[in-house]
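So you can see what is in the structure, the chains are spelled out below.
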Amino acid sequence: LLTRIQLNADVIHGSGGGTLIFANSISKNLDIPYIIQYIGNDLNYDIKLLIKLKAYTEGIQNCAYHGFESYALESIFKSYFPQIANRVVLYRGTNDLGYKFSMGDETQVLYLGGFPYGDDIKGGSLLLNAIMSLNKRRLNSNICFNIGGPEIPDLSKFLQSITNEKIRVKILGALDHSEVISEMQKSNILLIPSRSEGLPNVLWEGLSTGNLVIANKVGGIPEILLEDDCGYLLENISSKSIEDALLNFLANKELIEKYALRGRNVVSNYSYKTFVENNINLLTK
């Protein structure tokens, strides 16, 4: 198959570490270089299996550039391949998605991680446990949890167990990108309780659309949220930490917009257009 491929290309760009083996094979046949752009799963999970393959380690050696979406991911890569120097960190950022902030009587909290792979990688169960704990609290403010993402299980029993009149829970299910942006523009808080990450797109999008982003201190998330204190990092990976953070902001709702404004200012410095231009500059070196 590779001998029949004819491409009018100067460089091969692989999106995801798993494409490296294929990119290396094509590169040999076409005699053109390749670069690989890594995301969170590539280095948090996949590499533990891929590194056992000779074809993968060979592909690492032959790659012209290794690109990372955060310095945290680059650090993981360095722990496996300390001798590889042709590395670059490029933050993806986002285009202007339309900043909208409107705080009503009911604080809108958005979670978009779903329950992928049948485990709690995105922290969905942490969120559900936090909601159950809040259900037992005397709340002075209304709050609505909007739960979206892939592979959401049957939560009918969970929903029936919510008896606190101050709490609403809406199950959004899987959303396309336009629906994601629409939900973000309606929300006040974007919650990212992931147990591991690279630097998720939803963080950039949440900041751009007018949200306070509350997230775990994993992957490259702190690299952005610590900038000008534009987001809130949870104390630890636990449902109690999520609960405490939400109670704090429900009691001090004026802080939510202050975080959202700082987030908009920070994300404006990281455009997706610049990310593309930086990648093109690498390709033309």
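Residues numbered from 1 in each chain as written. Predicted model: local features only at pLDDT ≥ 70, side-chain atom pairs only at ≥ 80, totals over all residues. Heavy atoms only, no water.

Trainee: Requested: an account of unusual backbone geometry, with residues and values cited.
Mentor: With phi around 55°, Asp-31 is a residue other than glycine that occupies positive phi space. With respect to the helices and strands, Asp-31 occurs in the loop between helix 1 (20–30) and strand 2 (34–38). (Helix = DSSP H or I, 4+ residues; strand = E, 2+ residues; numbered from the N terminus.)

Trainee: Summarise the pattern of salt bridges; cite the residues concerned and give the values.
Mentor: As enumerated under the stated definition, the model contains 10 salt bridges in all. One salt bridge connects Lys-186 with Glu-183, and the closest N-O pair in it is separated by 3.3 Å. Here Glu-183 and Lys-186 lie together in helix 7 (residues 177–186), a separation of 3 residues that amounts to about one turn. The buried category is assigned to Glu-183, whose relative accessible area is 15%. Where Asp-244 meets Lys-240, a salt bridge forms, and the shortest distance between an N and an O atom there is 2.8 Å. Here the residue Asp-244 and the residue Lys-240 both occupy positions in helix 10 (residues 239–251), the gap between them amounting to 4 residues, near one helical turn. Under the relative-accessibility criterion, Asp-244 is labelled partly exposed at 34%. (Salt bridge = Lys/Arg side-chain N within 4 Å of Asp/Glu carboxyl O. Buried < 20%, exposed > 50% of the residue type's maximum accessible area, 1.4 Å probe, protein only.)

Trainee: Help me get a handle on the nonpolar core, residues and values and all.
Mentor: Ranked by internal contacts, the top residues of the largest apolar core, which has 30 residues, are Ile-131, Phe-145, Ile-167, Val-169, Ile-214 and Leu-246. Put simply, the parts of the chain that give this core at least two residues each are strand 5 (106–111), helix 5 (124–135), strand 6 (142–148), strand 7 (167–173), strand 8 (189–192), strand 9 (212–215), helix 10 and helix 11 (254–267). Here this core gets 6 residues from one element, more than from any other, and that element is helix 5. Sequence-distant contacts of Ile-131, that is, excluding residues within four places in its chain, are made with Phe-145, Ile-147, Phe-158, Ile-162, Ile-167 and Val-169. One finds Leu-97, Ile-181, Val-213 and Val-267 within the second-largest nonpolar core, a separate group that totals 25 residues. (Core = buried A, V, L, I, M, F, W, Y, C linked by side-chain atoms within 4.5 Å. Contact = heavy atoms within 4.5 Å.)

Trainee: For the environment of Asn-269, give the residues involved together with the corresponding values.
Mentor: As for its position among the elements, Asn-269 is in the loop between helix 11 and helix 12 (272–283). Judged by its relative accessible area of 55%, Asn-269 is exposed. Along the sequence, Asn-269 and Tyr-80 sit 189 residues apart, while their C-alpha atoms lie 31 Å from each other.

Trainee: Could you give an account of the packing of helix 2 (residues 40–50) against helix 4 (residues 71–80), with specific residues and numbers?
Mentor: Their axes nearest at 9 Å, the elements helix 2 and helix 4 cross at an angle of 25°. When the axis of helix 2 is compared with that of helix 4, the two are roughly parallel. Where helix 2 crosses over helix 4, the two elements pack in a sense that is left-handed. Seen from helix 2, the contacting residues are Gly-40, Leu-43, Asn-44, Ile-47 and Lys-48; seen from helix 4, they are Leu-73, Ile-76, Phe-77 and Tyr-80. Counted by class, the contact of helix 2 with helix 4 contains 6 nonpolar, 2 polar and 1 charged residues. (Axes fitted to C-alpha atoms, helices over the stretch in contact; angles between N-to-C directions. Parallel < 35°, antiparallel > 145°, perpendicular 65-115°, else oblique. Left-handed = near helix turned anticlockwise from the far one by under 90°. Nonpolar A, V, L, I, M, F, W, Y, C, P; charged D, E, K, R; others polar.)

Trainee: Got a sec to walk through the layout of surface pockets? Specific residues and values, please.
Mentor: By volume, the largest pocket is sized at about 660 Å³. Along its surface, the largest pocket is lined by 34 residues, and Lys-122, Glu-197, Pro-200, Asn-201 and Val-202 are the ones closest to its centre. Of all elements in the fold, only helix 2, helix 7, strand 8 and helix 8 (201–208) reach the threshold of two or more residues within the lining of the largest pocket. No other element matches the 4 residues that helix 2 contributes to the lining of the largest pocket. Grouping the amino acids of the lining of the largest pocket by side-chain chemistry returns 17 nonpolar, 11 polar and 6 charged. (1 Å grid on protein atoms, 1.4 Å probe; cavity = no way out; pocket = protein on both sides within 12 Å on 5 of 7 lines; lining within 4 Å. Points joined across faces, edges and corners; volume = space filled by probe spheres on them.)

Trainee: Describe the sheet that holds strand 8, and please don't skip the residues or the numbers.
Mentor: Spatial ordering of the open sheet is given by 7-6-5-8-9-10, a layout of 6 strands whose pairing is parallel. Of all the strands in the sheet, just strand 7 and strand 10 (232–233) have a single pairing partner and so form its edges. Across 6 bridges, the pairing between strand 5 and strand 6 is parallel. Residue pairing in the sheet places Tyr-111 in a bridge with Ile-147 of strand 6. On the sheet, helix 11 packs against strand 5, strand 8, strand 9 and strand 10 and is oriented at approximately 95° with respect to strand 9. (Pairing = 2+ DSSP bridges.)

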